[in-house]
Structure formats: C-alpha cells, structure tokens
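# Commentary on secondary and tertiary structure
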Amino acid sequence: MSNRRLENDYSRYMDLKEGWVDRRIFWEQEIYEQELEQIFAKAWQFIAHDSMMPNPNDFYTTYMGEDGVIAARQKDGSVKVFLNSCTHRGNKICYADDGNTRNFTCNYHGWAFGTDGELKGLSNEHVYDEGDIDKSKWGLKQARVDSYKGLIFATFDEEAPSLEEFLGDFRWYLDIMLDQDDGGTEFIGGGIKNYINANWKFGVENFVGDAYHALWTHDSGFKAMNNNEGFPPADPTGSYHASMNGHGWEFGTEGLADIAILGQPKVLEYYEKMRPKMAERLGEMRSKIFGSLASVSLFPNCSFLPGIQTFRVWLPRGPHKFEMRMWTIVNKNMPDEIKQAINIGCMQTFNPAGVLEMDDGENWEGNTSVNKGVVTRRGKLHYGCGINRRIEHEELPGIVYASQFNDANQRQFYERWADLMNAKSWDQVPTRYTPRYAGKKTV
C-alpha cells in the first residue's frame, strides 16, 4: 500500500454532522482501489443462498470485490468458498455460472482441484521430480464462510469479527424477511445479471434508505401499474430509518405498500392471512414492518425489497460500472401459485426490463457520469435530510431516526465506509451503537 493511501483520511470526504459527501468517492480510481483493499478484501459479503446449491458438489461462481470466487457444497453439507484462480499460472479454473461437478480443471496446464479447493492432480505429473511440488500446499485460497438463515457469507480476512458480530442487531430486522415461519426461504431459480455504468455505492445507498426518490422517480411507473393513481403524498409518521454497522432498513409500519406495488392481489391476500402468525412469531411491530414501503441494504453491497421480494448484490467493476445480480426470494412453504405470482410481480417491477428498475438505472448512471467534469467533481452532495431526527425506540434496535423520508441510513452507510477505509485493523473500527442482542436470539 502506498504511503499516500495510508496518509489519506477518508473521513475528510464527508461531514455527516453538516450532512454532505464529497463527489470524488464516486469517481476516482485510487479511492476505488482502496475500497477493494479495505472493504471487499475484509468485510463479510453475501455469496449465495442455500437453495442455489442444494446438493453435494453443486457450485456457484461470483465475485468478492473483483476477486472471482467459487462457492461449492461439500459432501457433509457445508459450503466452501475459494478463489477462482489456478495456483500454477493464475488462469480462471471455472467459467460456468453454476452446476455440479467433481472437480475444477484449469484449461492451461490441466491442474485439477476438488470441490473443496484442494489440488488433486496435475496433467503429466511425471515431468515433476520428487520434491518439486507439495500438492497439499498449492490448493486454492480459502475464505472464511458462515451463514445466517439461508444466506451464505464469506470473508478473506482471518481477523474479521464473526458474522454474527458483523451483522449485529441487524439480525433482528433480517428475521422479518428470513424467519417468517418454520420453513425458511429460497431463491426462485433463474437469477439475472445486468450491467450498469454507475458507481456501486449509488445502488446500495438507494436501497439502504432512499424512500424519498420513489414518490418522484417512480411516479409514472406506479401510475401505469395502478390505474393512473400515483403515490400518495409523503407521510413521515409511523416510519423510520434503522442502521447498525452500516446495514440499513428504511420502513413504514402500514404493512401494505410494497406488497401492493407487486400488483398481485392473491399475494396480498396470502400475506394478510399469514400476518397473525408472523406477529406471534416475530412480534406485532415486525409483522407490521414487513410489506410496508421499505428498502434494505447489507453493508457493503447486498440489498433487497421486503414485500416486493427482489434480492440483489452489487458487484463493482471499476469506479464507474457495476454488475448487478438479482433473484426473487420467497418462503419455501408458500403454495407454488403464490411463489409464481410474486416472481411475476417482481419481474414486472424490479428487473432490467421492469417498470421501476429502469428509472433507477438511468439515475445512477447520471449520478456517476457527471463527475467526469473536473469542476463538478470538486463539489459536495447534500445528505442532510432529517439530520436532527434521531430517537431512542423501545422496540427498534440500532441507530434509529424518525421518518423514512430521511438521509440517516445513507449517512450511517458512508460513516461505516470511512471507518473501514481508515482502519488498519478491525480493532480500529469504531462501535457506533449499543447492541441489544449481542449473544442473544432474535426470534
């Protein structure tokens, strides 16, 4: 790492008490390279859902930052995650998105690795003299792997805190999506890839807390799907921003809006019948949060919409481009007709051809491309909405602000970003809230 990078205080790119962020964090190559090193090489990141790899030897390929990785189900049911790069000359060893295999063999020299990432054999191994290579030392680099209620995460940092600590009290909120009943969740088969010429953080911050844009950006799309009736005027009452460790959930408590946006009456009917059971399992407050106008991001680059049920990850491809992978997440125990109705509604709203998704992609590209201008890039962006609305709530854990029309979660996201960008070790990453559920169950 260069001395210049070590000396750079990334907190100087924002003043969250005044409510602004420097535009350069969305454009400059050096800042992006530091993100790869300080965030994506260290933080826990979403890799896959259990349902994507149900059988031994199933695998799925993705990225952690710009490091290609393979996730593979082991014979004992566990999952291993390792680099998708041969230890001989570095070639990619798996070009498939997913599948089932007994090994991964490099095209270049025929080095073969098991689904556990260990080096199993070499083509024409007899050309190596005894002692030339110890195969046990030349397997693929392994990540730490853990999961939370179906979501598989990984990190390459041996010093990183546990996944439970990394998620913190945000587990209480994740249960609203992942633990509605005893059956758990699954991804409906057939994920989608999409590339957008924008900085990855714009997608994450949109989902972490930007309810404000929906009433304007998505007005015409919502009218097209709702008999020419647009969103009602913004009502800040009974809604919140909640953030922990950079993860954020903005939400109302009416339990209806996001399910209604799907445009599938049978889905609304299903959830209304299910809601009393959710209240019994999760409590009245959490049962009202689900299905309300809401959006969620897990730091650093995973997001979903509870009620609409789109689930996605934002994979950086340089400072000005990202790859978005998206799926539809449903309860396993749902009737098939409800799963299909959710999937149809999700595709009509939030996929690359969806009525609402196209609006967002155009905005994020505009947010990014304007910073090519030198004078433009010297400016600041306003993040001050609701800056004095922080509250203590007896039920809601974390850093909570009144009203979902707010920049609070965005500010907390960038604060966490700066904390990690500056930290030489995890011990230097500040704890910015008092956990209520550390070491405790959330259901």
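As the structure is a computational prediction, the values presented were derived from the model and not from experiment.

Parameters at a glance
- Residues numbered from 1 in each chain as written.
- Predicted model: local features only at pLDDT ≥ 70, side-chain atom pairs only at ≥ 80, totals over all residues.
- Heavy atoms only, no water.
- Helix = DSSP H or I, 4+ residues; strand = E, 2+ residues; numbered from the N terminus.
- Rg over C-alpha atoms; globule rule 2.2 N^0.38 Å.
- Buried < 20%, exposed > 50% of the residue type's maximum accessible area, 1.4 Å probe, protein only.
- Expected span 1.5 Å × (residues − 1).
- Bend = angle between axes of the 7 residues up to and from the residue.
- Contact = heavy atoms within 4.5 Å.
- Pairing = 2+ DSSP bridges.
- Axes fitted to C-alpha atoms, helices over the stretch in contact; angles between N-to-C directions.
- Salt bridge = Lys/Arg side-chain N within 4 Å of Asp/Glu carboxyl O.
- pLDDT = per-residue confidence, 0-100.
- Lys, Arg positive; Asp, Glu negative; His and termini not counted.
- Polar contact = N/O pair within 3.5 Å; in protein donor to acceptor, adjacent residues only side chain to side chain.
- Parallel < 35°, antiparallel > 145°, perpendicular 65-115°, else oblique.
- Disulfide = S-S within 2.5 Å.
- Phe/Tyr/Trp six-rings, centres within 6.5 Å; stacked < 30°, edge-to-face > 60°.

## A short note on the overall build of the chain
The helix and strand inventory of the chain stands at 14 helices and 23 strands. Radius of gyration (C-alpha) of the chain: 22 Å, near the 22 Å computed for a compact globule of 443 residues. Projecting the C-alpha coordinates of the chain onto the three principal axes gives extents of approximately 75 × 55 × 40 Å. By residue count, 57% of the 443 residues in the chain fall in the buried class.

## Comments concerning the environment of Ala 72
Here Ala 72 shows up in strand β5 (residues 67-73). Taking C-alpha positions, Ala 72 is 15 Å from Ala 112, a pair spaced 40 residues apart along the chain.

## Focus: helix α9 (residues 265-282)
Over its 18 residues, α9 runs 24 Å from end to end, which matches the ideal 26 Å to within 8%, given 1.5 Å per residue. Along its length, α9 reaches its greatest deviation from straightness, about 40°, at Met 274, and the proline Pro 276 lies no more than four positions downstream. All of the buried residues along α9 are Val 267, Tyr 270, Tyr 271, Met 274, Arg 275, Met 278, Ala 279 and Leu 282. In this structure, the buried side of α9 is in contact with α4 (170-178), α8 (257-261), α10 (284-289), β20 (322-331) and α11 (336-349). One or two positions beyond α9, positive phi appears at Gly 283, with a value near 100°.

## Observations regarding α11
Taking 1.5 Å of rise per residue, the 14 residues of α11 would be expected to cover 20 Å, and the 20 Å separating its terminal C-alpha atoms lies within 8% of that figure. Residues of α11 that are buried include every one of Ile 338, Lys 339, Ala 341, Ile 342, Asn 343, Gly 345, Cys 346 and Thr 349, and no others.

## A word on the sheet that holds strand β10 (residues 119-121)
Taking strand neighbours across the sheet as the criterion, the three strands line up as β8-β9-β10 in an open arrangement whose pairing is antiparallel. Across the chains shown, the open sheet's two edge strands, defined by having one partner strand only, are β8 (103-105) and β10. Along the sheet, successive strands turn relative to each other by an average axial angle of 35°, direction set aside. The pairing of strand β9 (residues 112-114) with β10 spans two bridges and is antiparallel. Residue pairing in the sheet places Phe 113 in a bridge with Leu 119 of β10.

## Side note on the pairing of strand β17 (residues 294-298)
β17 sits mainly inside the fold: five of its five residues count as buried. Bridge count for strand β16 (residues 247-251) against β17 is four bridges, and the pairing is antiparallel. Paired with Gly 248 across the strands is Ser 297, a residue of β17. In the sheet, β17 pairs with strand β18 (residues 302-304) via three bridges, with the strands oriented antiparallel. Bridge pairing in β18 places Ser 297 opposite Ser 303. Counted along the chain from β17 to the antiparallel partner β18, the turn is three residues long.

## Describing the pattern of salt bridges
All told, the structure shown has 20 salt bridges when counted by the stated rule. In this structure, Lys 266 engages Glu 337 in a salt bridge whose closest nitrogen and oxygen atoms are separated by 3.8 Å. Of this pair, Lys 266 sits in helix α9 while Glu 337 is found in helix α11, placing the two residues 71 residues apart along the sequence. Of the residues examined, Glu 337 reaches a relative accessible area of 52% and is grouped as exposed.

## Quick notes on the confidence of the model for the chain
Scored by pLDDT, the chain comes out at a mean of 95, with 98% of its residues at no less than 70. Considering only residues more than four positions removed or in separate chains, one finds that residues 1-6, a stretch of pLDDT under 50, has twelve contacts.

## Quick word on the sheet that holds strand β7 (residues 98-100)
One open sheet holds the four strands; their spatial order is β6-β5-β4-β7, and the pairing between them is antiparallel. The strands lining the two open edges of the sheet, one partner per strand, are β6 (79-83) and β7. For this sheet, the mean angle separating the axes of adjacent strands, direction not counted, is 25°. As paired strands, strand β4 (residues 58-64) and β7 are joined by three bridges and run antiparallel to one another. Its bridge partner being in β7, Tyr 60 is matched across the sheet by Asp 98.

## Side note on the side chain of Asp 58
Considering the arrangement of structural elements, one finds Asp 58 in strand β4. It turns out Asp 58 is buried and unbridged, and the closest side chain with the opposite charge, Arg 73, is 6.4 Å from it. A distance of 2.8 Å separates the side chain of Asp 58 from the backbone nitrogen of Asn 55, its partner in a polar contact. Apart from the residues lying within four places of it in its own chain, the contact partners of Asp 58 are Met 53, Ala 71, Ala 72, Arg 73, Gly 99 and Asn 100.

## Concerning the packing of helix α2 (residues 29-40) against helix α14 (residues 408-422)
One way to put it is that α2 packs onto α14 with a least axis distance of 9 Å and a crossing angle of 80°. In terms of orientation, α2 lies roughly perpendicular with respect to α14. Two secondary-structure elements touch here, α2 through Ile 31, Gln 34, Glu 35, Gln 38 and Ile 39 and α14 through Trp 417, Leu 420, Met 421 and Asn 422.

## Section: the state of the cysteines
Summed over the entire model, instances satisfying the criterion amount to zero disulfides. There is no disulfide at Cys 86, and the cysteine sulfur nearest it, in Cys 106, is 4.0 Å away. No disulfide involves Cys 302; its sulfur sits 14 Å from that of Cys 346, the nearest cysteine.

## Details of the side chain of Asn 206
Turning to its location among the elements, Asn 206 is positioned in helix α5 (residues 200-209). When near neighbours in sequence (up to four residues on either side) are disregarded, Asn 206 contacts His 213, Ser 295, Asp 360 and Trp 364.

## Section: the packing of aromatic side chains
Inspection of the entire model under this criterion finds 32 aromatic pairs. With centroids separated by 6.0 Å and ring planes inclined at 75°, the aromatic side chains of Phe 46 and Trp 327 adopt a geometry described as edge-to-face. Of this pair, Phe 46 sits in strand β3 (residues 45-49) while Trp 327 sits in strand β20, and the two are 281 residues apart along the sequence. Residue classification places Phe 46 among the buried positions, given a relative accessible area of 4%. A ring pair is formed by Trp 249 and Phe 304, whose centres lie 5.6 Å apart and whose planes are at 85°; its orientation type is edge-to-face. With Trp 249 in strand β16 and Phe 304 in strand β18, the pair connects residues that are 55 residues apart, well separated along the chain.

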